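Listed below are the residues making up each chain.
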Amino acid sequence: MDTLFSVATAALVVRWAHVIFGVLWLGHLYFFNLVNVPFQGDLDKDLKLQVNPKLLLRAFYWFRWSAMYTVILGLVLFGWHYMGPEHLMRSPGRAMWIQYGMLLGLIMWFNVWFVIWPRQKKILGGLASGTPHPDAARLAATSGKASRFNTFASGPLLFAMLGAPHFSAMSAPVLIAVTVIGVGFWFGMIKRSFKIRTDVA
Ligand code: HEM
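Student: Could you give me a rundown of the site of the ligand, with the residues and numbers involved?
Tutor: Around the ligand, the surrounding shell holds 25 residues, and the nearest of these are R15, H18, Y82, M161 and H166. With respect to the ligand, the side chain of H18 contributes an N or O atom lying 2.7 Å from a nitrogen atom. At 2.7 Å, a side-chain N or O of R94 approaches an oxygen atom of the ligand. When the residues that make up the shell around the ligand are grouped by side-chain class, the tally is 17 nonpolar, 6 polar and 2 charged.

Written as structure tokens, this is what we have:
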């Protein structure tokens, strides 16, 4: 039986922390892609200088560190449930789900720390110091592509994270279906983001 002070409680707390940091990470990712991208198109140069370092450096702090904690806690969960006594690697459906999710999650984490943040550091650092980086447009384009990739990948990633403990069936058609639905959902959301009205009429 599960009691308040037990291994099961600790496992639940780790699972909760993993999901809450995941929400914090993806919440910022969606803010960048659904709100900030169209917003930047409306902003003139002087305002960008004033607004962007102060707003975006805060957002990038929560974004990159929540990505780090999500992955660390996710790897703890993986070690615990899949390689520990429960040995869920022996449940093929569940193991395939989580390996697909982890593959996507690790690529996304790599993008955050090694593609997006190093470039944003140069762009926003330049704006903050008053001397914009000469290569800012190219840096922003690469960072933007990685950010878009992460948004698309987050659709199938969440299917995989939820599929592992809650939906054991797994096969090539299921994998393709969740990938198409997950990516397609974000494709539609991004398209919609450029049509949002900013008046209240
Ligand atoms: C590299 C990154 C990640 C790794 C290594 C990872 C790893 C894991 C592992 C091992 C589990 C347990 C699965 C099981 O019990 O069968 C899990 C569950 C879960 N993860 Fe992740 N994860 C990652 C990213 C994310 C992200 C970005 C989110 C976004 C919110 C997320 C949300 C969840 C959810 C909702 C569950 C299921 C909780 C449940 O219903 O029991 N994960 N993850």
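Now that the structure has been shown, the text picks up again.
Student: Residues and numbers for the nonpolar core, please.
Tutor: Counting residues in each nonpolar core, the largest one holds 36 residues, and the members touching the most others are W25, L26, F60 and F63. Within the residue set of this core, elements represented by two or more residues are α1 (7-42), α2 (45-83), α3 (92-129), α4 (136-166) and α5 (172-193). Ranked by residue count, the leading element in this core is α3, at 13 residues. Those residues in contact with F60 that lie beyond four places of it in its chain are F32, I116, W117, Q120 and L124.

Cut-off values and rules
Per chain, residue numbering runs from 1 following the sequence as it is written. Only residues with pLDDT of at least 70 get local features here, since the model is predicted, and only at 80 or more are side-chain atom pairs given and counted; chain-wide, interface and lining totals rely on the full set of residues. Side-chain figures throughout are based on the complete set of non-hydrogen atoms in the structure, without hydrogens or water. The rule for a residue being near a molecule or strand is that one of its heavy atoms must lie within 4 Å of it. Two N or O atoms count as a polar contact when they lie within 3.5 Å, although within protein this holds only if one can serve as hydrogen donor and the other as acceptor, and sequence-adjacent residues are included solely when both atoms are side-chain atoms. Side-chain classes follow a simple rule in which Ala, Val, Leu, Ile, Met, Phe, Trp, Tyr, Cys and Pro form the nonpolar group, Asp, Glu, Lys and Arg form the charged group, and the remainder, Gly included, forms the polar group. Among buried residues, those of type Ala, Val, Leu, Ile, Met, Phe, Trp, Tyr and Cys that are joined through side-chain atoms within 4.5 Å constitute a nonpolar core. Any residue under 20% of the maximum accessible area for its type is buried, any over 50% is exposed, and the rest in between are partly exposed; the area is computed with a 1.4 Å probe on protein chains only. Only DSSP runs of H or I reaching four residues or more are called helices, and only runs of E reaching two or more are called strands; each is numbered from the N terminus. Any two residues whose heavy atoms approach within 4.5 Å at even a single point are treated as in contact.

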